[in-house]
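# Reading the structure
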Amino acid sequence: MDQNTEMLDFIYKNTEMGLSTLDRLVGIAEDDHFKVALLTQKEEYRKIFAEAKQLAGVELEKTGAMAKFSAYMMLELKTLADNSPSHIAEMLIQGSTMGVVDMTKRLKEYTCASDEVRALAQKLLETEQQNIETMKGFLR
């Protein structure tokens, strides 16, 4: 794979997992203000996901069923005892922080990716950083 395809594949899978996770969390969340924040994040991921798919011009590999199932089960276990906005926000901050680290590394590694692909990667990085800031407001 060339650097453009590899970067787009990472963006695609990252946002796909984010969309899946947020779908489930919107169903779990009971606080309306928190749900709006989750839906806002979901919309940002949806836009980036669609742009990655469009830029690739080829079918990108979806996240494997086992990885999705594992993430789903972990999410269920972590929210079973505590589905408060604070607890969910903490989980999302941890996930977005991993996303920031991974995307920062990839931006430094994939220097030959096109400007358009790097701009989308930067957009995802900034989205993750904004998600962290938004979720901080729900911590108690």
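An account of the accompanying structure is given in this report. Quick caveat, the model's predicted, so the values are computed rather than measured.

## Looking at the overall build of the protein
Secondary structure assignment for the protein yields five helices and zero strands. Relative to the compact-globule value of 14 Å for 140 residues, the protein shows a C-alpha radius of gyration of 15 Å, a close match. Once the C-alpha set of the protein is aligned to its principal axes, its extents read approximately 45 × 30 × 20 Å. With 140 residues in all, the protein has 39% of them scored as buried. Of the contacts made within the protein by residues no fewer than 6 positions apart, 82% connect residues no fewer than 24 positions apart. The average position of the 17 basic charges and that of the 23 acidic charges among the side chains of the protein differ by 1 Å.

## Focus: the layout of surface pockets
Roughly 710 Å³ of volume is contained in the largest pocket. Broken down by secondary-structure element, the contributors of at least two residues to the lining of the largest pocket are helix H1 (3-28), helix H3 (65-80) and helix H4 (85-109). The element that contributes the greatest number of residues to the lining of the largest pocket is H1, accounting for nine residues. In the lining of the largest pocket, the residues fall into eleven nonpolar, eight polar and five charged.

## What to know about the packing of aromatic side chains
Under the criterion given, the structure shown has two aromatic pairs. Considering the side-chain rings of Tyr-12 and Phe-49, the 4.5 Å spacing of their centres and the 20° angle between planes classify their relative orientation as stacked. With Tyr-12 in helix H1 and Phe-49 in helix H2 (residues 32-56), this residue pair connects regions lying 37 residues apart in the sequence. Measuring from centroid to centroid gives 4.8 Å for Phe-34 and Phe-138, while their planes differ by 70°, and the two rings are edge-to-face. One end of the pair, Phe-34, is in helix H2; the other, Phe-138, is in the segment after helix H5 (115-136), with 104 residues separating them in the sequence. Accessibility assignment for this pair places Phe-34 and Phe-138 in one class, buried.

## Quick word on the side chain of Thr-15
With respect to the secondary-structure elements, Thr-15 resides in helix H1. Within the structure, the side chain of Thr-15 is placed 3.1 Å from the backbone oxygen of Tyr-12, a separation counted as a polar contact. Ignoring sequence-local partners within four residues, the contact set of Thr-15 consists of Tyr-45, Ile-48, Phe-49 and Leu-124.

## A look at the pattern of salt bridges
Applying the stated criterion across every chain yields a total of six salt bridges. One salt bridge connects Arg-46 with Glu-43, and the closest N-O pair in it is separated by 2.6 Å. Pair noted here: Arg-46 and Glu-43 are both in helix H2, with a separation of three residues, about one helical turn. Take Glu-43: its relative accessible area is 31%, and that puts it in the partly exposed class. Here Glu-44 makes a salt bridge to Lys-47, at a shortest N to O gap of 3.7 Å. Note that Glu-44 and Lys-47 are positioned in helix H2 at a spacing of three residues, about one turn of the helix. You can call Glu-44 partly exposed: its relative accessible area is 27%. Exposure remark for Lys-47: the relative accessible area of 36% places this residue in the partly exposed category.

## Overview of the nonpolar core
Core analysis: the biggest nonpolar cluster contains 39 residues, and Met-7, Ile-11, Leu-25, Phe-34, Leu-38, Met-103 and Met-135 have the highest contact counts within it. The set of elements that each furnish at least two residues to this core consists of H1, H2, H4 and H5. If you tally residues by element for this core, the top one is H1, at ten residues. Excluding its chain neighbours within four sequence positions, the residues that come into contact with Phe-34 are Ala-29, Pro-85, Ile-88, Ala-89, Met-135 and Phe-138.

Rules of the game
- Residues numbered from 1 in each chain as written.
- Predicted model: local features only at pLDDT ≥ 70, side-chain atom pairs only at ≥ 80, totals over all residues.
- Heavy atoms only, no water.
- Helix = DSSP H or I, 4+ residues; strand = E, 2+ residues; numbered from the N terminus.
- Rg over C-alpha atoms; globule rule 2.2 N^0.38 Å.
- Buried < 20%, exposed > 50% of the residue type's maximum accessible area, 1.4 Å probe, protein only.
- Contact = heavy atoms within 4.5 Å.
- Lys, Arg positive; Asp, Glu negative; His and termini not counted.
- Charge placed at Lys NZ, Arg CZ, Asp CG, Glu CD.
- 1 Å grid on protein atoms, 1.4 Å probe; cavity = no way out; pocket = protein on both sides within 12 Å on 5 of 7 lines; lining within 4 Å.
- Points joined across faces, edges and corners; volume = space filled by probe spheres on them.
- Nonpolar A, V, L, I, M, F, W, Y, C, P; charged D, E, K, R; others polar.
- Phe/Tyr/Trp six-rings, centres within 6.5 Å; stacked < 30°, edge-to-face > 60°.
- Polar contact = N/O pair within 3.5 Å; in protein donor to acceptor, adjacent residues only side chain to side chain.
- Salt bridge = Lys/Arg side-chain N within 4 Å of Asp/Glu carboxyl O.
- Core = buried A, V, L, I, M, F, W, Y, C linked by side-chain atoms within 4.5 Å.

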